[in-house]
Amino acid sequence: MNYMNPSPIKAAITAVGAYVPEDKLTNADLEKMVDTNDEWIVARTGIKERRILKDPSKGTSFMAIKAAEDLIKKNNIDPTEIEAVIVATVTPDMHVAATAAYVASKIGATHAFGYDLQAACSGFLYGMSNASNMIAGGRYRKVLLIGADKMSSIVDYTDRTTCIIFGDAAGAVLFEASSSGYGWEDEYFRSDGNGRLFLNIKAGGSLFPTSKESIEGGMHNLYQDGKTVFKFAVSEMTHAAEQIMQRNDIDANTITYLVPHQANKRIIDAVAKRINLSHDKVMSNIEYFGNTTAATLPLLLRDYESKLSPGDRLVFAAFGGGFTWGAAYLTWAY
Ligand code: UT7
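Residues numbered from 1 in each chain as written. Predicted model: local features only at pLDDT ≥ 70, side-chain atom pairs only at ≥ 80, totals over all residues. Heavy atoms only, no water.

Chemist: When you look at the domain arrangement of the chain in this model, what are you seeing that I'm missing?
Modeler: Size of an interface, as often reported, equals the accessible area lost when the parts are brought together. Partitioning the chain into structural domains gives domain 1 (11-177) and domain 2 (184-331). Inter-centroid distance (C-alpha atoms) of domain 1 to domain 2 is 14 Å. Contact with domain 1, which involves 50 residues of that partner, is made by 42 residues of domain 2. Buried surface at the junction of domain 1 and domain 2, summed over both partners, amounts to about 3,600 Å²; 62% is from carbon and sulfur atoms. For the pair domain 1 and domain 2, the interface holds two salt bridges. Between Glu 287 and Lys 48 there is a salt bridge, with the nearest N and O atoms lying 3.1 Å from each other. (Domains from an automatic or database assignment. Contact = heavy atoms within 4.5 Å. Buried area = accessible area lost by both parts, 1.4 Å probe. Salt bridge = Lys/Arg side-chain N within 4 Å of Asp/Glu carboxyl O.)

Here it is in structure tokens:
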């Protein structure tokens with residue numbers, strides 16, 4: 001079976017933008033907050049610092065708007081030409097009111113509709129499929145996809161197993177129809193709902209609405225069984241990447257970059273090793289930003305944008321709550 005993109009119109013990423021808050025939370029800072037140390041954090045996660053949006057009056061939309069404005073300004077884009085805004089996030093400003101709708105209004109995308117996409121750390125990966133298929137279907141010409149998370153709003157800073165990993169950030173990409181011949185090529189996505197036991201926020205949804213007990217029991221903070229998540233992340237990201245490579249006839253020699261979700265440097269290294277990829281072909285910035293959930297992939301693209309050329313072969317891979325995971329193949333268009 002041929003999985004290659006059958007559409008004559010290929011959706012390509014044509015612009016990238018990002019925003020990270022100024023405030024840094026270093027390992028030395030965390031040493032003062034919980035029983036941990038720089039050596040342990042660096043050895044077990046590869047993280048040295050993360051960014052935190054400290055202003056309590058600002059939500060995820062603040063960073064999403066900044067990332068979109070960075071993209072718009074750098075590329076001289078008319079926001080009224082944007083037809084859809086998708087925000088992948090686990091930390092929307094509010095339940096019910098779509099953060100993407102607010103972002104679209106604030107950036108002047110007055111002809112766009114907006115919606116949020118929740119697939120945890122796989123949110124941006126799945127969002128790329130949404131955006132590119134909207135373009136490839138021929139109905140839309142410019143779709144803005146943003147990955148943004150204010151993880152500090154859901155992390156328990158007395159829990160040393162989670163607070164050392166996460167940070168706040170936003171990244172944005174524009175998908176457009178491209179005549180370059182390059183763009184979204186293939187995707188392999190999976191999920192397993194049994195995984196929700198191991199990575200979740202228990203309360204605040206319809207299953208456990210907010211109550212006195214839920215607040216007192218700390219059920220609104222992020223919980224993870226790190227070891228289990230780690231194990232699944234390595235095996236499933238590897239399997240998904242292998243599927244994508246096999247069916248698109250690409251290998252460690254012909255891939256330009258692996259673009260992996262940044263959850264733990266040991267996960268990234270293990271996946272790269274299993275697909276025989278050398279370190280110079282693996283995008284990574286976890287050292288400086290930690291795990292920013294839906295923002296990791298576009299933040300990597302922002303950091304590596306200047307190194308990319310038309311035709312470069314990028315394999316994306318992500319794993320997150322749900323469980324959700326997958327891999328995708330995109331050829332760079334500029
Ligand atoms: O984005 C997708 C979702 N998240 C992930 O993909 C994260 C996946 N998991 C992980 O990254 C890792 O499991 C963690 C970084 C969360 C934990 O690393 P680990 O190597 O799996 O540690 P562990 O949970 O096996 O704990 C080993 C030891 C334990 O002590 P004992 O029982 O051996 O005495 C922990 O209590 O390390 C201890 N520990 C810590 N020590 C210092 C756990 N957290 C810390 C800490 N500082 N922050």
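Chemist: What should I look at first to understand the environment of Val 103 in this one?
Modeler: Along the chain, the position of Val 103 falls in helix α4 (residues 99-106). Overall, Val 103 belongs to the buried group, its relative accessible area being 0%. For the pair Val 103 and Ile 65, spaced 38 residues apart in sequence, the C-alpha separation works out to 5.7 Å. Excluding residues within four positions of it along the chain, Val 103 makes contact with Ser 61, Ala 64, Ile 65, Val 85, Val 87 and Ile 146. (Helix = DSSP H or I, 4+ residues; strand = E, 2+ residues; numbered from the N terminus. Buried < 20%, exposed > 50% of the residue type's maximum accessible area, 1.4 Å probe, protein only.)

Chemist: Even after reading the chapter, I still don't get the sheet that holds strand β13 (residues 324-331), so can you show me in this structure?
Modeler: Here four strands make up an open sheet; going across it, the order is β8-β13-β12-β11 and the pairing mixed. On the outer flanks of this sheet lie β8 (184-191) and β11 (257-260), each paired with one strand and no other. With direction set aside, neighbouring strand axes in the sheet form an average angle of 15°. Relative to strand β12 (residues 313-320), β11 runs parallel, the two sharing four bridges. (Pairing = 2+ DSSP bridges. Axes fitted to C-alpha atoms, helices over the stretch in contact; angles between N-to-C directions.)

Chemist: Even after reading the chapter, I still don't get the nonpolar core, so can you show me in this structure?
Modeler: Nonpolar side chains in soluble globular proteins tend to be buried together. Phe 175, Leu 314 and Phe 316 are the most contacted members of the largest nonpolar core, which has 34 residues in total. For this core, the leading source of residues is helix α5 (residues 123-136), giving seven residues. When residues of this core are sorted by domain, at least three fall in each of domain 1 (11-177) and domain 2 (184-331). Not counting chain neighbours up to four residues away, the residues in contact with Leu 314 comprise Tyr 257, Val 259, Met 283, Leu 301, Leu 308, Ala 328, Tyr 329, Leu 330 and Trp 332. (Core = buried A, V, L, I, M, F, W, Y, C linked by side-chain atoms within 4.5 Å.)

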